[in-house]
Number of protein chains: 2
Amino acid sequence: MTLDELKAFVSIAESGSFTNASTQLHRSQPAISRRIDLLEDELGAPLFERQGRNVILTAAGEALLPHAQTVLAAVRDGQRAVEKLNENSREVLSIAVVGTIADSYLVEALRAFQVE
Amino acid sequence: MTLDELKAFVSIAESGSFTNASTQLHRSQPAISRRIDLLEDELGAPLFERQGRNVILTAAGEALLPHAQTVLAAVRDGQRAVEKLNENSREVLSIAVVGTIADSYLVEALRAFQVE
DNA sequence: TAATATTACGTATTACGTAAAGATT
DNA sequence: AATCTTTACGTAATACGTAATATTA
């Protein structure tokens, strides 16, 4: 089991589709599909019922979801805890772009990056 | 961040050395060393103070440890939750060995395998 | 010098994305 | 037909172990 697999699983469960999860996680759809495929293999049980458009959690999926969410939350908490200690020693990142981009795409790109 | 990195980190913290962790996790020492190296890079902070023989947690390591333990516990809980649902449909694994081994190594090997 | 951690490096595994196919409404 | 998921597959990244190199008691 890997964190990427759990991220994919939770994202699908919360967003309702593989496609939504793929955009949330900045991956292609097949990449998400593979992660779930592997996770289901490891666990020996299907996690979603694929009924055409809508994706529904199986019993195994329902059983796993809260634990998976706990895992991801604990990972975030751990990262934040270390970040707090690093606050004193921040680093500088310089970004150089051509002027025409600075006003248009750059702002949006930085915003999207920050969200992650 | 990956689960293997967290496993290595927790194992070292709990066992007191990279070497102990490497045997616990059935990996070579360099593999463990590399996992920690990567984890420290990602977090931007050292997790252990390497003072010769004994390995001590840094402030960042202390901050991370409880969260990492939570992560690993939640992973185990999730696996168990799904396993419970699978209990009805167990599978059979047949193992064939030469007779002389059956009495000596096999028992120990199965015990070691089960512990994981 | 004995025990431990880190580099170096070659091989094997795994992961991604694109493209194509399958399936469902 | 349109939307979504899965296969197939080639390339790129990652992980492991062995061997060699520090480093410390």
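Residues numbered from 1 in each chain as written. Chains lettered and ligands numbered in written order. Predicted model: local features only at pLDDT ≥ 70, side-chain atom pairs only at ≥ 80, totals over all residues. Heavy atoms only, no water.

A. Just the overall build of chain A, in detail. The helix and strand inventory of chain A stands at six helices and two strands. Reading chain A from its N terminus to its C terminus gives the helix and strand order α-α-α-β-β-α-α-α. For chain A, whose C-alpha radius of gyration is 18 Å, the value lies well above the compact-globule estimate of 13 Å for 116 residues. Projecting the C-alpha coordinates of chain A onto the three principal axes gives extents of approximately 50 × 35 × 20 Å. Among the 116 residues that make up chain A, the fraction classed as buried is 30%. Considering only contacts within chain A whose residues lie at least 6 apart along the sequence, 49% involve residues at least 24 apart. (Helix = DSSP H or I, 4+ residues; strand = E, 2+ residues; numbered from the N terminus. Rg over C-alpha atoms; globule rule 2.2 N^0.38 Å. Buried < 20%, exposed > 50% of the residue type's maximum accessible area, 1.4 Å probe, protein only. Contact = heavy atoms within 4.5 Å.)

B. Structural detail: helix α3 (residues 29-43) of chain B. Look at α3(B): 21 Å from first C-alpha to last across 15 residues, which is about the 21 Å you get at 1.5 Å a residue. Among the residues making up α3(B), those that are buried are I32(B), I36(B), L39(B), E40(B) and L43(B). For α3(B), the arc enclosing every buried residue in end-on projection is 100 degrees, short of the 170-degree limit, so these residues lie on one face. For α3(B), the exposed residues lying more than 90 degrees away from the buried face are P30(B), R34(B) and D41(B). Considering only its buried residues, α3(B) is in contact with α4 (59-86) of chain A together with α1 (3-15), α2 (18-24), β1 (48-51) and α4 (59-86) of chain B. G44(B) occupies a position one or two residues after α3(B) and carries a positive phi of about 70 degrees. (Expected span 1.5 Å × (residues − 1). Arc of directions from axis to C-beta.)

C. The arrangement of the protein's contact with DNA strand D in detail. Taken together, 19 residues lie around DNA strand D, and T19(A), Q29(A), S33(A), R50(A) and R35(B) are the ones closest in. For DNA strand D, a phosphate oxygen lies 2.6 Å from a polar atom in the side chain of S33(A). Between DNA strand D and R50(A) there is a distance of 2.6 Å, counted from a phosphate oxygen to a side-chain nitrogen or oxygen. Residues of the surface near DNA strand D, tallied by class, amount to six nonpolar, seven polar and six charged. (Near = heavy atom within 4 Å. Polar contact = N/O pair within 3.5 Å; in protein donor to acceptor, adjacent residues only side chain to side chain. Nonpolar A, V, L, I, M, F, W, Y, C, P; charged D, E, K, R; others polar.)

D. Broad picture of the protein's contact with DNA strand C. By nearness alone, 20 residues border DNA strand C, and R35(A), F18(B), T19(B), S33(B) and R50(B) come closest of all. Backbone atoms, meaning sugar and phosphate, form 69% of the atoms of DNA strand C found within 4 Å of the protein. In the model, a phosphate oxygen of DNA strand C is placed 2.5 Å from a nitrogen or oxygen of the T19(B) side chain. Between Q29(B) and DNA strand C, the recorded distance is 3.4 Å, taken from a side-chain N or O atom to a base nitrogen. Secondary-structure elements contributing two or more residues to the surface near DNA strand C are α3 (29-43) of chain A together with α2 and α3 of chain B. Element by element, the count of residues in the surface near DNA strand C is highest for α3(A), at five residues. A breakdown of the residues in the surface near DNA strand C according to their chemical character gives six nonpolar, eight polar and six charged.

E. View of the pairing of strand β1 (residues 48-51) of chain A. Residues and elements named next belong to chain A. Looking at chain direction, β1 and strand β2 (residues 54-57) are connected through four bridges and run antiparallel. Along β2, the bridge assignment pairs F48 with L57. In textbook terms, the turn of a hairpin is the stretch between consecutive antiparallel strands, and for β1 and β2 this stretch comprises two residues, one of which, G52, has a positive phi near 60 degrees. (Pairing = 2+ DSSP bridges.)

F. Main features of the relation of the copies chain B and chain A. For the pair chain B and chain A, the superposition axis carries a translation of 0.0 Å, the fit reaches an RMSD of 0.2 Å, and the rotation angle comes to 180 degrees. Here the copies are linked by what is in effect a two-fold axis. Closest approach to the rotation axis within chain B is made by the C-alpha atom of V71(B), at a distance of 2.4 Å. (Least-squares fit on C-alpha atoms with pLDDT ≥ 70 in both.)

G. Spatial organisation of the interface of chain B and chain A. The interface of chain B with chain A comprises 23 residues on the first partner and 23 residues on the second. For the pair chain B and chain A, the number of links is zero salt bridges. Here chain B and chain A share four residue pairs in polar contact (both at pLDDT 80 or more) between them. It is α4(B) that provides the largest number of residues to the side of chain B that touches chain A, a total of 16 residues. Classifying every residue of the side of chain B that touches chain A by side-chain character gives 15 nonpolar, seven polar and one charged. (Salt bridge = Lys/Arg side-chain N within 4 Å of Asp/Glu carboxyl O.)

H. Broad picture of the environment of L64(B). Mapped onto the elements, L64(B) comes out in helix α4. Residues L64(B) and V10(B) lie 54 residues apart in sequence; the distance between their C-alpha atoms is 9.4 Å. The residues contacting L64(B), other than those within four sequence positions of it, are G78(A), V82(A), F9(B), L39(B), L43(B) and L47(B).

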